[in-house]
Amino acid sequence: MLDFPTHSKVTETARRNGRLADGERFVPEETPVAFSYAGSTHAVMMATPADLEDFATGFSLTEGIITDLAEIEAIEVLAEDKGIDLQIRLADAQNDALTARRRHMAGPVGCGLCGIESIEQAVRVTPSVRSSSLTLCEDEVVEAIRLLNGQQPLHMVTRAVHGAGFYVPGRGLVAVREDVGRHNALDKLVGAARRTGHAGRAGAVVVTSRVSVEMVQKTAITGSPFIIAISAPTALAIRTAEEAGMTLIALVRGEDFEIFTGAERIVPGAARRLGNG
């Protein structure tokens, strides 16, 4: 298993209390990560070089390249001169399907749509989660964000990365992933949750970022009927969540939050006691 540094110490000059002084701080690493299928590069994302197998799995799932883990036969992480190449070997049927829809994209941090060749691809159909019977009480919404805030070690060091967690009522956060890109953090989370056997329909996706349409789309692909965020959603994200039957909760600050869609899934009552499941 290759191990890449996720952050570095740098020197700086900082103004504190009206005075300039030399100092040091930690900043996150940002590395080109290529996703290659059958030896051909499909996408390159700028990302934090950690949890790369989760990243390869989650990206493959949320991009619709696979629908089941069994469709990935192997993942190899290769260190290149200026980045990392994730060589992902698919089953023959998935390779054939990918070849038919092959496209190339390069996405800078925070951009999950760069390189898409048509408007139709950008506004792809979002799976419905309307049939989900999962509910959360108000305290569980607050608890989900509180737990996420305390389980981001890279952010605690750098104060410069996004976090994404998967919250299961009665169990708390069963997976958390971080990255300089919010879409990347979510892809890593999707991969981690699926690889450890957690079904999306069993819990809520919790993120530290704003909610864009693609964050809603990725969440729906996992089967989760909830996305809970610290920051605000876009108008298109709200419309997309409404159409998908998803509960979108944002601007969770302390005990307060705002529900933009699917308010019927928030029920009275105390948070279920956390256990080991």
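Anything mentioned here points back to the structure above.
First things first, this report covers the structure right here in the doc. None of the values given here were measured: they were computed from a predicted structure. (Residues numbered from 1 in each chain as written. Predicted model: local features only at pLDDT ≥ 70, side-chain atom pairs only at ≥ 80, totals over all residues. Heavy atoms only, no water.)

1. Examining the overall build of the protein chain
So, point 1. The number of helices and strands found in the protein chain is eight helices and 15 strands.
So, point 2. In terms of C-alpha radius of gyration, the protein chain reaches 19 Å, essentially the compact-globule figure of 19 Å for 277 residues.
So, point 3. Each principal axis of the C-alpha atoms in the protein chain carries an extent, and together these give about 60 × 55 × 40 Å.
So, point 4. When each of the 277 residues of the protein chain is scored for burial, the buried share is 49%.
So, point 5. For the protein chain, the accessible surface area stands at approximately 13,100 Å², while carbon and sulfur atoms represent 50% of it.
So, point 6. Computed over 28 positive and 35 negative side-chain charges, the inter-centroid distance for the protein chain is 4 Å. (Helix = DSSP H or I, 4+ residues; strand = E, 2+ residues; numbered from the N terminus. Rg over C-alpha atoms; globule rule 2.2 N^0.38 Å. Buried < 20%, exposed > 50% of the residue type's maximum accessible area, 1.4 Å probe, protein only. Areas by Shrake-Rupley, 256 points an atom, 1.4 Å probe, with all protein chains shown as cover. Lys, Arg positive; Asp, Glu negative; His and termini not counted. Charge placed at Lys NZ, Arg CZ, Asp CG, Glu CD.)

2. Focus on the environment of Leu154
So, point 1. If you trace the backbone, Leu154 turns up in helix 5 (residues 153-158).
So, point 2. C-alpha separation for the pair Leu154 and Ala47, spaced 107 residues apart in sequence, amounts to 13 Å.
So, point 3. Those residues within four positions of Leu154 in sequence are excluded, and the remaining contacts are Thr6, His7, Thr48, Arg159, Val161 and Glu178. (Contact = heavy atoms within 4.5 Å.)

3. What to know about the pairing of strand 3 (residues 31-37)
So, point 1. Of all seven residues in strand 3, six are buried, a share of seventy percent or more.
So, point 2. The pairing of strand 3 with strand 4 (residues 40-47) spans seven bridges and is classified as antiparallel. Counterpart to Ser36 in the pairing with strand 4 is Thr41.
So, point 3. The turn linking strand 3 back onto strand 4 is made up of two residues, and Ala38 within it adopts a positive phi angle of 55°.
So, point 4. Two elements, strand 3 and strand 6 (residues 84-90), share five bridges in a ladder whose sense is parallel. Of the residues in strand 6, the one forming a bridge with Tyr37 is Ile88. (Pairing = 2+ DSSP bridges.)

4. Concerning a nonpolar patch on the surface
So, point 1. Taken together, the side chains of Phe26, Met156 and Val157 present a nonpolar region at the surface, about 250 Å² in accessible area.
So, point 2. Inspection of the secondary structure assignment puts Phe26 in strand 2 (residues 19-28). (Patch = residues over 30% accessible without salt bridge, like charges linked within 9 Å, V, L, I, M, F, W, Y side chains within 5 Å. Salt bridge = Lys/Arg side-chain N within 4 Å of Asp/Glu carboxyl O.)

5. Here's the deal with the pattern of salt bridges
So, point 1. As enumerated under the stated definition, the model contains ten salt bridges in all.
So, point 2. When the shortest N-O distance is used, the salt bridge between Lys9 and Glu24 registers 3.8 Å. Placement of the pair is Lys9 in strand 1 (residues 7-16) and Glu24 in strand 2, with a sequence separation of 15 residues.
So, point 3. On the basis of relative accessibility, which here comes to 53%, the residue Glu24 falls in the exposed class.
So, point 4. The salt bridge partner of Asp51 is Arg177, with a shortest N-O separation of 3.5 Å. One end of the pair, Asp51, is in the loop between strand 4 and helix 1 (52-62); the other, Arg177, is in strand 10 (residues 172-179), and 126 residues separate them in sequence.
So, point 5. Given the relative accessible area of 33%, Asp51 is considered partly exposed.
So, point 6. Through salt bridges that share partners, Asp51, Asp54, Arg177 and Arg195 make up one connected network.

6. Here we look at the side chain of Ser209
So, point 1. By the element assignment, Ser209 lies in the loop between strand 11 (204-207) and helix 7 (213-222).
So, point 2. Note on Ser209: relative accessible area 3%, which makes it buried.
So, point 3. Every residue in contact with Ser209, bar those within four places of it in the chain, is listed here: His162, Arg182, Met215, Ala229, Ile230 and Ser231.

7. Examining the environment of Val157
So, point 1. Along the chain, Val157 turns up in helix 5.
So, point 2. We classify Val157 as partly exposed; its relative accessible area is 36%.
So, point 3. Each C-alpha atom of the pair Val157 and Pro28 lies 8.7 Å from the other, and the pair is 129 residues apart in sequence.
So, point 4. For Val157, the contacting residues outside a window of four places in its chain are His7 and Phe26.

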